[in-house]
Amino acid sequence: MDTPRVLVIGLDPYRVPGPWDPEPVATGLQAGMDQFVAHDVCVQTCLVGLDGSDDIETVVSEALASRTWECVVIGGGIRGSLDLFETVVNLVRRHAPDAAIAFNDGPADTYNAAARWLTHPAG
């Protein structure tokens, strides 16, 4: 069996404007990524900034087109903006039409969100 491949699209916590502490989100993201490793699932992140430093459509499109994905997890930060959420969902449909789309409850829950849709989750 091939190792499942998952793309996680979310916000880079260090590039979200506002007076807030990005560390808890960054820690949660790392905990979520560690679960993929523990279950031998290939994972890649596509973290975009809301600080104007990214052409979000280009960054997400390139990540989606870089390989075949079994599942794409769209994080809560992306879902917090209806326009951004619609854009990302439609990019997934265009560039990864065979991938399942999953949504996490929080950064540390990202593996569980993907595992619900993997046909043969490892571990």
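Here goes a summary of the coordinates provided. Quantities reported herein were computed from a predicted structural model and do not represent experimental measurements.

**Focus: the packing of aromatic side chains**
Applying the stated criterion to the full structure yields 2 aromatic pairs. A cation over an aromatic ring shows up here: Arg67 above the ring of Trp69, its NZ or CZ 5.6 Å from the ring centre.

**Section: the nonpolar core**
Of all hydrophobic cores here, the largest spans 20 residues; its most connected members are Leu7, Ile9, Val60, Leu64, Val72, Ile78 and Val92. Breaking this core down by element, the ones donating at least two residues are β1 (5-11), β2 (42-48), α2 (56-65), β3 (71-74) and α4 (82-95). Residue contributions to this core peak at 5 residues, all from α4. With 14 residues, the next largest nonpolar core counts Met33, Val41, Cys71 and Ala114 among its residues.

**A word on the side chain of Ser61**
Relative to the assigned elements, Ser61 resides in helix α2. Ser61 sits in the buried class, given a relative accessible area of 13%. When neighbours within four sequence positions are excluded, Ser61 is seen to be in contact with Leu91 and His95.

**Quick word on α4**
Look at α4: 20 Å from first C-alpha to last across 14 residues, which is about the 20 Å you get at 1.5 Å a residue. Where α4 is concerned, the buried positions are Leu84, Val88, Val89, Leu91 and Val92. Each buried residue of α4 sits inside an arc of 160 degrees when the element is viewed along its axis, so together they form one side. Structural note: α4 exposes Leu82, Asp83, Arg93 and Arg94 on the side pointing more than 90 degrees away from its buried face. Each element contacted by the buried residues of α4 is listed here: β1, α2, β3, α3 (76-79) and β4 (100-103).

**Details of the pattern of salt bridges**
Per the counting criterion, the structure on display carries 3 salt bridges. Glu70 is the salt-bridge partner of Arg5, the closest N and O atoms lying 3.5 Å from each other. In this pair, Arg5 sits in strand β1 while Glu70 sits in the loop between α2 and β3, placing the two residues 65 residues apart along the sequence. One salt bridge in this structure joins Arg15 and Asp54, with 2.9 Å as the shortest N-O distance.

**A look at unusual backbone geometry**
The phi dihedral of Asp40 falls on the positive side, at around 55 degrees, and the residue is not glycine. In this structure, Asp40 sits in the loop between α1 (23-38) and β2.

**Notes on the environment of Gly52**
Within the secondary structure, Gly52 is located in the loop between β2 and α2. With 35 residues separating them in the primary sequence, Gly52 and Pro17 have C-alpha atoms 9.6 Å apart.

**Things to note about the pairing of β4**
Going residue by residue along β4, you find Ala100 and Ala102 tucked away on one face and Ile101 and Phe103 left uncovered on the opposite face. Of the strand pairs in this sheet, β3 and β4 are connected by 4 bridges, and their pairing is parallel. The partner of Val72 across the bridge, within β4, is Ile101.

What counts, and at which threshold
- Residues numbered from 1 in each chain as written.
- Predicted model: local features only at pLDDT ≥ 70, side-chain atom pairs only at ≥ 80, totals over all residues.
- Heavy atoms only, no water.
- Phe/Tyr/Trp six-rings, centres within 6.5 Å; stacked < 30°, edge-to-face > 60°.
- Lys NZ or Arg CZ within 6 Å of the ring centre and 35° of its normal.
- Core = buried A, V, L, I, M, F, W, Y, C linked by side-chain atoms within 4.5 Å.
- Buried < 20%, exposed > 50% of the residue type's maximum accessible area, 1.4 Å probe, protein only.
- Helix = DSSP H or I, 4+ residues; strand = E, 2+ residues; numbered from the N terminus.
- Contact = heavy atoms within 4.5 Å.
- Expected span 1.5 Å × (residues − 1).
- Arc of directions from axis to C-beta.
- Salt bridge = Lys/Arg side-chain N within 4 Å of Asp/Glu carboxyl O.
- Pairing = 2+ DSSP bridges.

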